[in-house]
Amino acid sequence: MTSVVAVIDYGMGNLHSVASALRHVGASEVFVTNDKDQICSADRIVFPGVGAIRDCMGEIKRLECDDPLNEVIFNLRLPVLAICVGMQALMTRSEENEGVDCLNIIEGKVKRFPDDLKGLGSDILKVPHMGWNEVIQTVPHPLWDGIPDRTRFYFVHSYWVRTQDRLQVVGGVDYGVKFDAAIAKDNLFAVQFHPEKSHEMGLRFLKNFLAWEGT
Amino acid sequence: MGLAKRIIPCLDVDNGRVVKGVNFIGIRDAGDPVEVAKKYNSQGADEITFLDITASHECRDTTVEVVEKISENVFIPLTVGGGIRSLNDIQTMLNAGADKVSINTAAIQNPHLVEEAANKFGSQCIVVAVDAKLVSGKGETAYYEIFTHGGRHATGIEAVDWVAKMARFGAGEILLTSMDRDGTKDGFELNLTKKISEAVNIPVIASGGVGTLDHLVEGIKLGKADAVLAASIFHYGEYTIQQAKTYLFSCGIEVALFA
């Protein structure tokens, strides 16, 4: 089975790593692109993102990446994986940068960890939430295939997602607040963690994504 | 269970080779950085830090190539430091495959570089590295002073206030090295580590002085570090990362065990 992946490039962050990881797990071709034709002709799509949400949204709009993204999600119904700020950009609105409207592809909000975040035993929890944390698989899903529940994935973020429709949540994390680490809606899967930086299990997750038909 | 404490092997790289100095002098060759990074990845390292210790301009291209090769082979976070002076340098390293860059001397020379970099690339990829040493002049109370240029230049800047300022400017993490302990194998400077870690709400990586696995435990439990960085105990095969993690786990510290 060939799998051509388009990684949507709107100029934010290190796309080299996610492209390398996808090649490593067997993608036949990986395009890092914002060209609509190239995106729409791929077998599956990765929508990454790092950095501040206002800049990300600004670049998504300026480069008109929202147009092919909507096309592949709603018309072509390709499997789409959103990562980190890519996940946050799918939501309705983020409170970062004094409030930024996002793509509203999934109804939900993006909030900041409070500064006085405390864990069990009143330990101070640092922000950004940086490092390896356990993802609780709340619902079985083909992308969890071969990945034990409570496997640790690599996170680095100061803002977190909460979807309106709680049935979309497929993975959760508790870091002072309980937030959505993974959400799924039809052919769309979004994660707050970085599978491309999450060692063997992250690679397994990406391999599962290459095998996923989006249903 | 919650967020794991991280163990980060550090590759000090000079002209494309991994080396490790003792008190920044004296060099033993420890190998090809790509091979060393792959070895640590397979041992279960949480991240890898790559410090270009020569950082002369003619070696920059070598560094970029090495970073590219590491990021194509190693699927854990990679921090690159040494000679990062501008937004352009940061962009170059991120494009080469670094996930974070570590800024040291340039942050002292121009603190606003940290602010601009955090705004442009996000706090999550901006690490401020601090090399501190306990000093006292005649009749002065001892304090931790920051040194730059690999420990050769004193700055007169007090470390705790400086780190708090860097956090306000948008640093996402602090890489704290005790100049007094670096290369000694006497253990972390725990007083310094604790002071810095409690002064900021961002993660602190403790560095300098690790000689035993108990030193790693002390850095986390007593120094309150969020991550511990070491070089020589791993380079020369005294311990594997896996052994270190198993030991931390046996001491009641949460670690990510990659089965």
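Scroll up a little and you will see the structure.
Residues numbered from 1 in each chain as written. Chains lettered and ligands numbered in written order. Predicted model: local features only at pLDDT ≥ 70, side-chain atom pairs only at ≥ 80, totals over all residues. Heavy atoms only, no water.

Draft legend 1. Just the overall build of chain B, in detail. When helices and strands are tallied, chain B shows ten helices and twelve strands. The globule rule puts the C-alpha radius of gyration for 259 residues at 18 Å, and the 17 Å found for chain B is close to it. Dimensions of chain B, computed from the C-alpha atoms along their principal axes, are close to 50 × 40 × 40 Å. Of the roughly 10000 Å² of accessible surface on chain B, a fraction of 49% belongs to carbon and sulfur atoms. Between the averaged position of the 24 positive side-chain charges in chain B and that of its 33 negative side-chain charges there is a distance of 3 Å. (Helix = DSSP H or I, 4+ residues; strand = E, 2+ residues; numbered from the N terminus. Rg over C-alpha atoms; globule rule 2.2 N^0.38 Å. Areas by Shrake-Rupley, 256 points an atom, 1.4 Å probe, with all protein chains shown as cover. Lys, Arg positive; Asp, Glu negative; His and termini not counted. Charge placed at Lys NZ, Arg CZ, Asp CG, Glu CD.)

Draft legend 2. Highlighting the packing of helix H1 (residues 33–43) of chain B against helix H2 (residues 60–73) of chain B. Residues and elements named next belong to chain B. Taken N-terminus to C-terminus, the directions of H1 and H2 make an angle of 30°; their axes are 9 Å apart at the nearest point. One finds that H1 runs roughly parallel with respect to H2. The crossing of H1 and H2 is right-handed. Residues Pro33, Val34, Ala37, Lys38 and Asn41 of H1 pack against Val66, Lys69, Ile70 and Asn73 of H2. Here the residues of the contact of H1 with H2 sort into five nonpolar, two polar and two charged. (Axes fitted to C-alpha atoms, helices over the stretch in contact; angles between N-to-C directions. Parallel < 35°, antiparallel > 145°, perpendicular 65-115°, else oblique. Left-handed = near helix turned anticlockwise from the far one by under 90°. Contact = heavy atoms within 4.5 Å. Nonpolar A, V, L, I, M, F, W, Y, C, P; charged D, E, K, R; others polar.)

Draft legend 3. Looking closely at the interface of chain B and chain A. With 41 residues of chain B in contact, the opposing surface of chain A contributes 31 residues. In this assembly, chain B packs against chain A so that about 2800 Å² is buried in total across both faces, 54% of it on carbon and sulfur atoms. It is Leu3, Phe75 and Asn201 of chain B that lose the most area in chain B upon contact with chain A, and together they represent 29% of the buried surface on that side. Inspection of the region where chain B meets chain A yields three salt bridges. In this structure, the salt-bridge partner of Asp99 of chain B is Lys197 of chain A, at a minimum N-O distance of 2.7 Å. (Buried area = accessible area lost by both parts, 1.4 Å probe. Salt bridge = Lys/Arg side-chain N within 4 Å of Asp/Glu carboxyl O.)

Draft legend 4. Spotlight on the side chain of Glu134 of chain A. All names here are of chain A. Inspection of the secondary structure assignment puts Glu134 in strand E8 (residues 129–134). Residue Glu134 is classed as buried on the basis of its relative accessible area, which comes to 11%. Within the structure, the side chain of Glu134 is placed 3.1 Å from the side chain of Arg150, a separation counted as a polar contact. (Buried < 20%, exposed > 50% of the residue type's maximum accessible area, 1.4 Å probe, protein only. Polar contact = N/O pair within 3.5 Å; in protein donor to acceptor, adjacent residues only side chain to side chain.)

Draft legend 5. Spatial organisation of the pattern of salt bridges. One pass over the structure, following the stated rule, counts 24 salt bridges over all chains. The salt bridge partner of Lys61 of chain A is Asp66 of chain A, with a shortest N-O separation of 3.5 Å. Given a relative accessible area of 46%, Lys61 of chain A falls into the partly exposed group. Judged by relative accessible area, Asp66 of chain A falls into the buried class, the value being 18%. Via salt bridges that share partners, Glu134, Arg150 and Arg152 of chain A together with Glu254 of chain B belong to a single interconnected network.

Draft legend 6. Here's a closer look at the sheet that holds strand E2 (residues 29–33) of chain A. Residues and elements named next belong to chain A. Spatial strand order, E2-E1-E3-E4-E14-E13-E12-E9: eight strands in an open sheet with mixed pairing. Only two strands of the sheet have a single partner each, and these edge strands are E2 and strand E9 (136–137). As judged from the five bridges shared by strand E1 (residues 4–8) and E2, these two strands associate in the parallel manner. In the strand pairing of E2, Val7 is matched with Val32. Seen against the sheet, helix H4 (residues 66–75) touches E1, strand E3 (44–47), strand E4 (80–83) and strand E14 (188–191) and runs at an angle of roughly 130° to E4. (Pairing = 2+ DSSP bridges.)

Draft legend 7. Structural detail: the environment of Ile53 of chain A. Residue and element names in this part refer to chain A. Assignment of secondary structure puts Ile53 in helix H3 (residues 53–62). For the pair formed by Ile53 and Asp116, sequence separation is 63 residues and the distance between their alpha carbons is 23 Å. If we ignore the near neighbours within four places in the chain, the residues touching Ile53 are Val85, Gln88, Ala89, Ser94, Glu96, Asn97, Val100 and Cys102.

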